[in-house]
Amino acid sequence: MEQKIKDFMALVEAKNPNEPEFIQAVKEFAETVIPFIADNKKYDGKNLLLRIAEPERSVIFRVPWVDDKGEIQVNRGFRIQMNSAIGPYKGGIRFHHSVNLSVLKFLAFEQVFKNSLTTLPMGGGKGGSDFDPQGKSDGEIMRFCQSFMTELCRHIGPDLDVPAGDIGVGAREIGYLFGQYKRIRNEFTGVLTGKGLAYGGSLIRPEATGYGVVYFTEQMLKTIGTDIKGKTVAISGFGNVAWGVALKVAELGGKVVTLSGPDGYIYDEEGISGDKIDFMLDMRASGDNRAEMYLEKYPQAKFVKGRSPWEVKVDIAIPCATQNELNEQDAINLVNNGVICVTEAANMPCTLEAIKVFLNAKVLFAPGKAANAGGVAASGLEMTQNSIRLNWTSEEVDARLKDIMVGIHHQCKKYGVEEDNYVNYVKGANIAGFVKVADAMLAQGVV
């Protein structure tokens, strides 16, 4: 079996040189799914995984725009349409200087299975640009978004590909993108999700990823007979996802004690709740990416420069920032400090080595494709509301979101329970996500 995995990865690496993030995502998936395929004749010999690892379409384009000084700038735009076996492509748009083909292919690959797990009819895709909104004026961001959408609009549509926001693409950017799409296509459709409430958006969409992560964590803790109440929680970042996690953890009686930025992390022993959670929104809106800002309002907290929060002793760790932010040593620190649960709220925030540490220590560990599916689930619910021309209340959306996350947990448990009753959520999420996509692909023939 090891040789089969090596042979498969050799093929993928040969076709995708210099794409480390994509190779990492495919390898993590292949290690659990290839043995499952070998045990199930229905899937064996069909090269399903090799087909899924090849995008159905990769679009790369030039994005010229004019800055406030009247100078012409040029960025690169992308849309990776990975797999549409179970529905239109669905996945975010990311504006960040780190965006490249490898990062977006890894995100699109993960998105295929994340969307599959929600049970909603959505395929997987991802897009973005190496444009960084940080430090840009509203006018510059609007002109960039309009130029980006002028090209992208020919590749997307409500029944073809429905992008959403991601890092660097919030309500402002979605508004500019939607406005340009509407102007060019002369139609008002649910082609983007994460829209403002005034023009087709859904309630609790900004909180949805964080809420979903906590709902999933709740279900994990139930398998060992406990819950979030009274638990201490370390989170990273202070964006939308971290904010949503902090809100829901506080609501359920837990205590978030950290947040972080590129400059280091904040440790607040009293807990980050109430006004402190509201202040996270002010930090994000300021455009200043420093976690140290927290001290300006709450000087009693401690700031640790240049370090990550995974050295703090907590019951639960929830990385919410970016890929590969939690490494092997961080995982060892958390295990030695008695962590009982680690839930990925970002996309692939734990390295493969860190994941092995958690699994070997039998710590509850949930991969992002399962745990952070709440965001795309809420996007799917927004698509439904757009299609039926109705808006649901926040309570209705929240209830549907919780049901979806409980359902995802059930699927992961179905395929992930091991002999000692430990749930391997990596294995469970990968196989459950694969089965639905694979069945649809088999039914549709070689396409």
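Scroll up for the structure.
Note that the structure is predicted; figures quoted are calculated from it, not measured.

(A) Here's a closer look at the pattern of salt bridges. Applying the stated rule across the entire model yields 24 salt bridges. Ionic pairing is found between aspartate 138 and arginine 172, a salt bridge with its closest N-O pair at 2.7 Å. Residue aspartate 138 is located in helix H5 (residues 138-152), and its partner arginine 172 is located in helix H6 (residues 171-185); the two are separated by 34 residues in the primary sequence. The salt bridge involving lysine 402 is made with glutamate 218; its shortest N-O contact spans 4.0 Å. Residue lysine 402 is located in helix H15 (residues 394-416), and its partner glutamate 218 is located in helix H7 (residues 205-222); the two are separated by 184 residues in the primary sequence. Connected through shared salt-bridge partners, Asp288, Arg290, Glu292 and Glu296 make up one network.

(B) Expanded view of the environment of glycine 237. Structurally, glycine 237 is set in the loop between strand E6 (232-235) and helix H8 (240-251). Through-space distance from the C-alpha of glycine 237 to that of glycine 200 is 28 Å; in sequence the pair is 37 residues apart. Setting aside chain neighbours within four positions, we find glycine 237 in contact with Ala242, Leu259, Ser260 and Ala321.

(C) Region of the structure containing the side chain of threonine 258. By the element assignment, threonine 258 lies in strand E8 (residues 258-261). In terms of polar contacts, threonine 258 uses its side chain to reach the backbone carbonyl oxygen of isoleucine 235, at 2.8 Å. Beyond its immediate sequence surroundings of up to four residues, threonine 258 is in contact with Val233, Ala234, Ile235, Ile266, Tyr267, Ile272, Pro309 and Val312.

(D) The environment of serine 147, seen in detail. One can find serine 147 in helix H5. Note on serine 147: relative accessible area 17%, which makes it buried. Here the alpha-carbon distance between serine 147 and valine 63, two residues 84 residues apart in the chain, equals 6.0 Å. In contact with serine 147, not counting residues within four places along its chain, are Val63 and Pro64.

(E) Local environment of the sheet that holds strand E12 (residues 341-343). Spatially, E7-E6-E11-E12-E13 is the arrangement adopted by the five strands of the open sheet, whose pairing is parallel. Unpaired on one side and paired on the other, strand E7 (255-256) and strand E13 (364-366) mark the two borders of the sheet. Bridge analysis of E12 against E13 gives three bridges, and the strand direction is parallel. Bridged to threonine 343 within E13 is alanine 366.

(F) Main features of the nonpolar core. With 62 residues, the main nonpolar core has Phe216, Ile235, Leu259, Met280, Tyr294, Ile318 and Ile408 as its most contacted residues. Looking at which element gives the most residues to this core, the answer is H7, with eight residues. Those residues in contact with isoleucine 235 that sit more than four places away from it in its chain are Ala242, Val245, Ala246, Val256, Thr258, Leu259, Ser260, Met280, Pro309, Trp310, Ile318 and Cys320.

(G) Spotlight on helix H11 (residues 328-336). Here H11 has its buried residues at Asp330, Ala331 and Leu334. End-on, the buried residues of H11 take up no more than an arc of 100 degrees, which puts them together on one face. The inward-facing, buried residues of H11 contact strand E11 (316-318) and helix H12 (352-360). Capping the start of H11, asparagine 327 holds a side-chain oxygen 3.1 Å from the backbone nitrogen of glutamine 329, two or three residues further along. The positive-phi residue at the C-terminal boundary of H11 is glycine 338, with phi of around 90 degrees.

(H) Region of interest: the packing of helix H1 (residues 2-15) against helix H2 (residues 20-38). Here H1 crosses H2 at 145 degrees, and the two axes come no closer than 10 Å. For the pair H1 and H2, the crossing hand works out as right-handed. Contact with H1, carried on its side by Lys4, Ile5, Phe8, Met9, Val12 and Glu13, involves Phe22, Ile23, Val26, Lys27, Ala30, Glu31, Ile34 and Ala38 of H2 and no other residues of that element. The residue inventory of the contact of H1 with H2, partitioned by class, reads ten nonpolar, no polar and four charged.

Calculation criteria
- Residues numbered from 1 in each chain as written.
- Predicted model: local features only at pLDDT ≥ 70, side-chain atom pairs only at ≥ 80, totals over all residues.
- Heavy atoms only, no water.
- Salt bridge = Lys/Arg side-chain N within 4 Å of Asp/Glu carboxyl O.
- Helix = DSSP H or I, 4+ residues; strand = E, 2+ residues; numbered from the N terminus.
- Contact = heavy atoms within 4.5 Å.
- Polar contact = N/O pair within 3.5 Å; in protein donor to acceptor, adjacent residues only side chain to side chain.
- Buried < 20%, exposed > 50% of the residue type's maximum accessible area, 1.4 Å probe, protein only.
- Pairing = 2+ DSSP bridges.
- Core = buried A, V, L, I, M, F, W, Y, C linked by side-chain atoms within 4.5 Å.
- Arc of directions from axis to C-beta.
- Axes fitted to C-alpha atoms, helices over the stretch in contact; angles between N-to-C directions.
- Left-handed = near helix turned anticlockwise from the far one by under 90°.
- Nonpolar A, V, L, I, M, F, W, Y, C, P; charged D, E, K, R; others polar.

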